Amino acid sequence: MADNQKMWAELGMNLEMHDMLCEVLPGAIGDVFMSQENRPEAMDYFDMVLADVHGLRPSELVEFRKNGGKVFGTFCAYVPDEVIFAAGGIATGLCAGSQFWVPGGERYLPANTCPLIKAMLGARFDKTCPFYRLADIYIGENTCDGKKKAYEILGTDVPMHIMDLPQMKREKDYLKWADEIKDLIKVVEEVTGNKVTPEALAENIKKINNKRKALERLYKLRRNECVPISGTDTLLISQIAYYDDPERFATMVNKLCDELEQRVADGVSVAEGKKRILITGTPMAIPNWKMHNLVETSGGIVVCEETCTGTRYFENQVDESGATLDEMVQNIANRYMGINCACFTPNTGRFDDVVRLAKESKADGVIDVNLMFCQTYDIEGRSLEERCKAEGIPFLGIETDYTDNDAQQLKTRIGAFIEMLG
Ligand code: BJ8
């Protein structure tokens, strides 16, 4: 802890304010995670990462930078980590899931902005997150309007590169995204001073694919009648995926999956008598565990997340057969364009995904969770509800933020929905 204090001071953090943030974390971890019964032993690793979330990984990244390495902060599931690692850099997600950062963001943004965006700016400008301090450059993307404009404000304080994500999925859009990835390659080469070679890119395509495969294995295990792990624990793992070392992360997830396979064989379940719920909607950045906690303390078990802290992050591998840099870049572009974010039009692929995943995970019902003031997901929610209803899938739409103000009211609604599932 003393070492952490020194590191945080050297990163120019606001230590007094950061102490206030650190004070609430142990209580939240106890309430949300440690209160669960019958957790897999291999969750130890992820618990440890969480308990020292601002110490463990940041100290590795600080060390990496001392040796000349460059760290790239990212915000979106569309940013291809492969090319950053291929240049010898490290990509780290910049999470924005805490209410603690929202008031800081409101100093720069209208109050009616999505809490994720407000938290992004609060984390940076309040100087209370080591990841936001240590990243050499941020990689943003043109997705929703709020993020786009917020990046302009972040760019006054930190170097930023914005990727222009197409918002339709025509052939020319796939080519355009490949072009954007080539521009990103130029940026990472410039920042790191290293060339992205075909060999390095091929190696890192495999590395990130392995991480995806580990997560896919984990998610498939949740489809069993015996659900061997809670949704709350799985969400934590998906959140950590954004910033942990990819190889170590894949190893630890696979180790956990070995244990979960044994649990399934032994008939160990954390879902006895609970209703199976698929959650879809906006991403749940660390430490936003609100919905999972509410569902899983109201008679439900979350068996799948169709979100960017869920299947959108790992479904579909990058084709590993590319021989040239151009082929590899196009293969990367094709994989990422397969993500179905509400900033695209049309986005019916997401509806197909939700229906497919609900069937695969044998969900009894779907809960669509929208972060307040996120227009794209909010508007899309209506069509998603119609589609789910047409498929005979019970559906509940929820809009919420990072505060606990609505927790009781949500618990009542979720409890009633779960009861209605029979
Ligand atoms: S690929 S979901 S991570 S943009 S910030 S859209 S909640 S108003 S985060 Fe996202 Fe990439 Fe899409 Fe995924 Fe809404 Fe808030 Fe915008 Fe948000």
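Notes on the structure follow. (Residues numbered from 1 in each chain as written. Predicted model: local features only at pLDDT ≥ 70, side-chain atom pairs only at ≥ 80, totals over all residues. Heavy atoms only, no water.)

**A short note on the overall build of the protein**
Note the following rule: Helix and strand labels come from DSSP, where a helix needs a run of H or I of at least four residues and a strand needs a run of E of at least two; each type is numbered from the N terminus. Contact definition: two residues touch when any of their heavy atoms are within 4.5 Å. Residue-level accessible areas treat just the shown protein chains as cover; the underlying method is Shrake-Rupley with a 1.4 Å probe. Charged residues are defined here as Lys and Arg on the positive side and Asp and Glu on the negative side; His and the ends of the chain fall outside this count. Note that the charge is assigned to NZ on lysines, CZ on arginines, CG on aspartates and CD on glutamates.
For the protein, the helix and strand inventory stands at 19 helices and 8 strands. The dimensions of the protein, computed from C-alpha atoms along their principal axes, are 60 × 50 × 45 Å. Of all intrachain contacts in the protein linking residues separated by at least 6 positions in sequence, the fraction that spans at least 24 positions is 76%. Element-wise, carbon and sulfur atoms account for 51% of the exposed surface of the protein, whose accessible area totals about 16,800 Å². Here the protein carries 48 positive and 66 negative side-chain charges, and the mean point of each set is 2 Å from the other.

**Quick word on the side chain of lysine 207**
Spelled out, the test is: Working definition: with a 1.4 Å probe on protein chains only, accessible area under 20% of the residue-type maximum means buried, over 50% means exposed, and in between means partly exposed. Basic side-chain nitrogens of Lys or Arg form a salt bridge, by our definition, when they fall within 4 Å of a carboxyl oxygen of Asp or Glu. The definition of a polar contact used here is a pair of N or O atoms within 3.5 Å, where within protein one atom must be able to donate a hydrogen and the other to accept one, and adjacent residues in sequence count solely through side-chain atom pairs.
Relative to the helices and strands, lysine 207 is located in helix H11 (residues 198–221). One buried charged side chain, lysine 207, makes no salt bridge at all; its nearest oppositely charged neighbour is glutamate 247, positioned 4.3 Å away. At 3.2 Å, the side chain of lysine 207 and the side chain of asparagine 204 are in polar contact. Beyond its immediate sequence surroundings of up to four residues, lysine 207 is in contact with Phe85, Pro246 and Glu247.

**Digging into the sheet that holds strand S2 (residues 90–93)**
Quick note on the threshold: When DSSP finds two or more bridges between a pair of strands, those strands are recorded as paired. All axes are obtained by fitting lines to C-alpha atoms, using only the stretch in contact for helices, and the reported angles, taken between N-to-C directions, cover 0 to 180 degrees.
Ordered by their spatial adjacency, 4 strands build an open sheet running S2-S1-S3-S4, and the pairing between neighbours is parallel. With partners counted over all chains shown, the strands left at the sheet margins are S2 and strand S4 (160–163), one partner each. Across this sheet, the average inter-strand angle for adjacent strands is 30 degrees, counted without regard to direction. Two strands pair when backbone bridges link them, and strand S3 (residues 137–141) and S4 are joined in this way by 4 bridges, in the parallel orientation. In the strand pairing of S4, glutamate 141 is matched with methionine 163.

**Some details on the site of the ligand**
In plain terms, the rule: If even one non-hydrogen atom of a residue comes within 4 Å of a molecule or strand, that residue is called near it. Note on residue classes: Ala, Val, Leu, Ile, Met, Phe, Trp, Tyr, Cys and Pro are nonpolar, Asp, Glu, Lys and Arg are charged, and everything else, Gly too, is polar.
Around the ligand, the surrounding shell holds 15 residues, and the nearest of these are Cys114, Cys144, Cys308, Cys341 and Cys374. Taken together, the residues that form the shell around the ligand break down as 11 nonpolar, 2 polar and 2 charged.

**Quick look at the sheet that holds strand S7 (residues 365–371)**
By way of backbone hydrogen bonds, the strands of a sheet pair with one another, either parallel or antiparallel. Read from one edge of the open sheet, 4 strands run S6-S5-S7-S8, paired in parallel fashion. For this open sheet the edge positions go to strand S6 (300–306) and strand S8 (395–400), each flanked by a neighbour on one side alone. Sheet twist, expressed as the average angle between the axes of neighbouring strands with direction ignored, equals 30 degrees. Pairing geometry for strand S5 (residues 275–281) and S7, over 5 bridges, is parallel.

**Concerning the environment of glycine 69**
Locating glycine 69 in the fold gives a position in the loop between helix H4 (56–66) and strand S1 (71–74). Its relative accessible area of 11% is what places glycine 69 among the buried residues. Spatially, the C-alpha atom of glycine 69 lies 7.0 Å from that of threonine 192, the residues being 123 residues apart in sequence. Other than its neighbours up to four places away in sequence, glycine 69 contacts Phe64 and Asp136.

**Section: the nonpolar core**
Soluble, globular proteins show a tendency: their nonpolar side chains are buried together. Formally: Residues enter a nonpolar core if they are buried and are Ala, Val, Leu, Ile, Met, Phe, Trp, Tyr or Cys, with the set joined through side-chain atoms within 4.5 Å.
Phe46, Met120, Leu218, Ile237, Met291, Ile367 and Ile414 are the most contacted members of the largest nonpolar core, which has 148 residues in total. The element that contributes the greatest number of residues to this core is H11, accounting for 9 residues.

**What to know about the side chain of asparagine 288**
Tracing the backbone shows asparagine 288 in the loop between S5 and helix H14 (290–296). According to the relative accessible area criterion, asparagine 288 is buried, its value standing at 11%. A polar contact of 3.3 Å, which involves the side chain of asparagine 288, links it to the backbone nitrogen of lysine 290. Each residue touching asparagine 288, except ones within four places of it in the same chain, is listed here: Gly97, Leu235, Gln239 and Tyr402.

**Overview of helix H17 (residues 348–360)**
The following threshold applies: For a helix, the expected span equals 1.5 Å multiplied by the residue count minus one.
A rise of 1.5 Å per residue sets the reference length of H17, with its 13 residues, at 18 Å; its end C-alpha atoms lie 18 Å apart and thus fit the reference within 8%. For H17, the set of buried residues is Arg350, Phe351, Asp353, Val354, Val355, Leu357 and Ala358. Backbone geometry just after H17 places lysine 362 at a positive phi near 55 degrees.

**What about the packing of helix H2 (residues 15–34) against helix H3 (residues 43–51)?**
What counts is decided by this rule: By the definition adopted for this analysis, an angle is roughly parallel if under 35 degrees, roughly antiparallel if over 145, roughly perpendicular if from 65 to 115, and oblique otherwise. Left-handed describes a crossing whose near helix is turned anticlockwise from the far helix by less than a right angle; the clockwise case is right-handed.
Packing of H2 against H3 brings their axes to within 11 Å, and their N-to-C directions diverge by 155 degrees. By the angle class used here, H2 and H3 are roughly antiparallel. Pair H2 / H3 crosses with right-handed handedness. The residues of H3 that touch H2, namely those facing Leu25, Ile29, Phe33 and Met34, are Asp47, Leu50 and Ala51. The class makeup of the residues in the contact of H2 with H3 is 6 nonpolar, no polar and 1 charged.

**Considerations on the pairing of S6**
Filter applied, for reference: With its strands directed away from the observer, a crossover is right-handed exactly when the path from the first strand over the helix to the second travels clockwise.
Judged by how many residues are buried, S6 sits mostly within the fold: 7 of 7 residues are covered. When S5 meets S6, the two strands line up parallel, connected through 6 bridges. Residue leucine 278 lies in a different strand from S6, and its bridge partner there is cysteine 304. The parallel pair S5 and S6 is bridged by H14, and the resulting crossover is right-handed.

**Brief notes about the packing of aromatic side chains**
Selection rule: Here the aromatic set is Phe, Tyr and Trp, taking the six-membered ring for Trp, and pairing holds for ring centres within 6.5 Å; pairs whose planes are under 30 degrees apart are stacked, those over 60 apart are edge-to-face, and all others are tilted.
Tallied over the full model, the rule gives 14 aromatic pairs. Measuring from centroid to centroid gives 5.1 Å for tyrosine 45 and phenylalanine 46, while their planes differ by 80 degrees, and the two rings are edge-to-face. You'll find tyrosine 45 and phenylalanine 46 in the same group, each marked buried. Taken together through their ring pairs, the aromatic side chains of Phe75, Trp101, Tyr132, Tyr138 and Tyr151 make up a single cluster.

These figures come from the coordinates and say nothing about function on their own.
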